[in-house]
Amino acid sequence: KNITLSVIKADIGGFVGHSSVHPGLLEKARGMLSGHPLLIDAHVTHVGDDLNLIMTHEGGRNNGEVHQLAWDVFQACTEVAKKMKLYGAGQDLLSDAFSGNIKGMGPGVAEMQFEERASEPVVIFMADKTEPGAWNLPLYKIFADPFNTAGLVIDPKMHNGFNFEVRDLIKNRKVVFSCPEDLYDMLVFIGAPGRYCIKRVFHRDTGDICAASSTQRLNLMAGRYIGKDDPVLIVRCQSGFPAVGEVLEPFAHPHLVSGWMRGSHSGPLMPVGLEQCNPTRFDGPPRVVALGFQLADGKLHGPQDFFADPSYDRARETANAVAEYMRSMGPFEPHRLHLDEMEYTTLPEVSKKLKERFIDLRK
Ligand code: 13P
Ligand code: 13P
Ligand code: MG
Ligand code: MG
Ligand code: MG
Ligand code: MG
């Protein structure tokens with residue numbers, strides 16, 4: 001069966017502050033999606049203050065009706081959020097008029113279309129207080145690093161490697177790298193995750209889609225501060241793709257990502273179960289949840305809340321230690337992001353105020 005898996009998310013109001021989603025919004029979204037004729041199945045969840053709609057259907061990617069449905073859910077939830085005066089109600093909805101495609105309007109979208117295999121395990125990653133480039137390092141490890149993914153070495157169905165589609169979010173262009181050959185060239189770009197993001201990964205032998213991320217850059221789209229575009233990622237697993245455990249493995253070492261407080265700080269990405277997914281300390285540290293599903297004719301059997309497992313306890317300890325260390329730097333870079341990367345800044349105003357006190361030394 002040809003299935004489309006669409007994960008569409010938006011921050012449409014935080015409870016309390018930017019920490020979580022009010023149960024009333026989850027209830028509203030579930031009510032609107034459950035049994036909907038456009039969908040085969042749906043699962044509604046949240047990570048931090050971001051509401052995630054996980055949907056299966058047969059309409060293909062960028063399907064106008066499915067995107068309209070997601071938009072309507074976010075609009076209706078915004079109404080609920082406004083009544084409760086939740087924080088930043090409607091934060092990620094940039095336009096009032098929907099015109100057929102949700103991309104470019106604020107919500108984040110990760111979608112893939114595929115022939116469902118005899119067994120179709122997928123992992124859906126959802127993060128809060130960070131940006132799409134946060135997936136670059138783990139995607140590199142999953143699909144290109146033999147020290148992470150044993151299958152790259154010992155599975156004949158994976159040995160030829162994977163193609164990576166990388167987007168340049170500033171110049172709005174894309175390039176495909178064939179790995180392992182193009183590894184070093186690719187790392188020149190994806191090592192700068194604020195600008196270059198891995199959008200999709202394909203199996204080299206079969207051309208099958210393996211992974212798809214959301215790369216909408218909210219802060220650039222809006223032209224003003226409206227928070228970081230907290231990202232989602234879909235990864236298919238097993239039988240020629242990395243095993244579930246290989247897909248989860250990179251998150252055992254929390255890497256530094258951009259986001260955290262006011263979208264303007266660098267901090268460790270902490271893997272957590274759903275019970276612990278509400279960023280708290282300094283509005284963080286940034287969180288990632290991994291939900292596993294087995295698809296059966298498009299039905300979502302799950303979720304398995306992978307990072308709730310004790311084998312990720314050590315990663316959380318490391319993330320807390322790194323968070324402690326980074327916080328000690330307060331407003332200094334590199335804990336506070338470089339001026340170009342901050343979501344908002346007082347620099348122009350302060351510069352203006354102090355204009356008379358700056359003495360030009362070139363004269
Ligand atoms: P089982 O023997 O438990 O099925 O595990 C197989 C495997 O490949 C695990 O990575
Ligand atoms: P969100 O992008 O999750 O809304 O966070 C914004 C923020 O300013 C957190 O301090
Ligand atoms: Mg928010
Ligand atoms: Mg958020
Ligand atoms: Mg956000
Ligand atoms: Mg088994």
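See the structure shown above.
Being a predicted model, the structure only gives us computed values, none of them experimental. (Residues numbered from 1 in each chain as written. Chains lettered and ligands numbered in written order. Predicted model: local features only at pLDDT ≥ 70, side-chain atom pairs only at ≥ 80, totals over all residues. Heavy atoms only, no water.)

Section: the overall build of the protein
To keep it simple, the criterion reads: For the purposes of this entry, the term helix denotes a DSSP run of H or I that reaches at least four residues, the term strand denotes a run of E that reaches at least two, and both are numbered from the N terminus. Note that the radius of gyration is over C-alpha atoms, with the globule rule given as 2.2 Å times the number of residues to the power 0.38. In this analysis, two residues are considered to be in contact whenever any of their non-hydrogen atoms come within 4.5 Å of each other. Under the convention used here, a 1.4 Å probe and the Shrake-Rupley method define accessible areas, while residue burial counts only the protein chains that appear. Charge counting treats Lys and Arg as positive and Asp and Glu as negative, with His and both chain ends excluded. To locate a charge, the coordinates of NZ of Lys, CZ of Arg, CG of Asp or CD of Glu are taken.
Counting its secondary structure elements, the protein contains nine helices and 15 strands. Against the 2.2 N^0.38 benchmark of 21 Å for 363 residues, the protein shows a C-alpha radius of gyration of 20 Å, consistent with a compact globule. Projecting the C-alpha coordinates of the protein onto the three principal axes gives extents of approximately 70 × 50 × 40 Å. Across the protein, every contact between residues at least 6 apart in sequence was considered, and the portion connecting residues at least 24 apart equals 68%. When the accessible surface of the protein is split by element, carbon and sulfur atoms take 53% of a total near 16,400 Å². Across the protein, the mean location of the 39 positive side-chain charges is 7 Å away from that of the 45 negative side-chain charges.

Comments concerning the packing of aromatic side chains
The following threshold applies: Only Phe, Tyr and Trp rings take part, Trp by its six-membered ring, and two of them pair if their centres are within 6.5 Å. Stacked means planes under 30 degrees apart, edge-to-face means over 60, and tilted covers everything else. A simple rule labels every residue: compare its accessible area, found with a 1.4 Å probe on the protein chains alone, to the largest value its type can have, and call it buried under 20%, exposed over 50%, or partly exposed in between.
Tallied over the full model, the rule gives 11 aromatic pairs. Between F125 and F307 the ring centres are 6.3 Å apart and the planes differ by 40 degrees, which places this aromatic pair in the tilted class. Separated by 182 residues along the polypeptide, F125 in strand β5 (residues 120-128) and F307 in the loop between β15 (299-305) and α8 (313-327) bring together distant segments of the chain. Residues F125 and F307 agree in their burial class; the two are buried. Taking 4.7 Å as the distance between ring centres and 55 degrees as the angle between the ring planes, the aromatic pair formed by F307 and Y312 counts as tilted. Just as F307 is buried, Y312 falls in that class too. Joined through ring pairs, the aromatic side chains of F125, W135, F251, F307 and Y312 make up one cluster.

Some thoughts on the environment of A308
Along the chain, A308 falls in the loop between β15 and α8. Judged by its relative accessible area of 46%, A308 is partly exposed. Each residue touching A308, except ones within four places of it in the same chain, is listed here: G273 and R316.

A word on the packing of helix α1 (residues 23-33) against helix α2 (residues 64-83)
Defined as follows: Axis definition: a line fitted to C-alpha atoms, limited for helices to the stretch in contact. Angles are taken between N-to-C directions and run from 0 to 180 degrees. Left-handed describes a crossing whose near helix is turned anticlockwise from the far helix by less than a right angle; the clockwise case is right-handed.
Between α1 and α2, the shortest axis-to-axis distance is 9 Å and the interhelical angle comes to 145 degrees. The chirality of how α1 crosses α2 is right-handed. In this structure, α1 contributes G24, L25, K28, A29, M32 and L33 to the contact, and α2 contributes L69, D72, V73, A76, C77, V80 and A81.

Digging into the environment of D155
Following the sequence through the fold, D155 ends up in the loop between α4 (151-154) and β6 (162-168). As for D155 and G240, which are separated by 85 residues in sequence, their C-alpha atoms are 7.6 Å apart.

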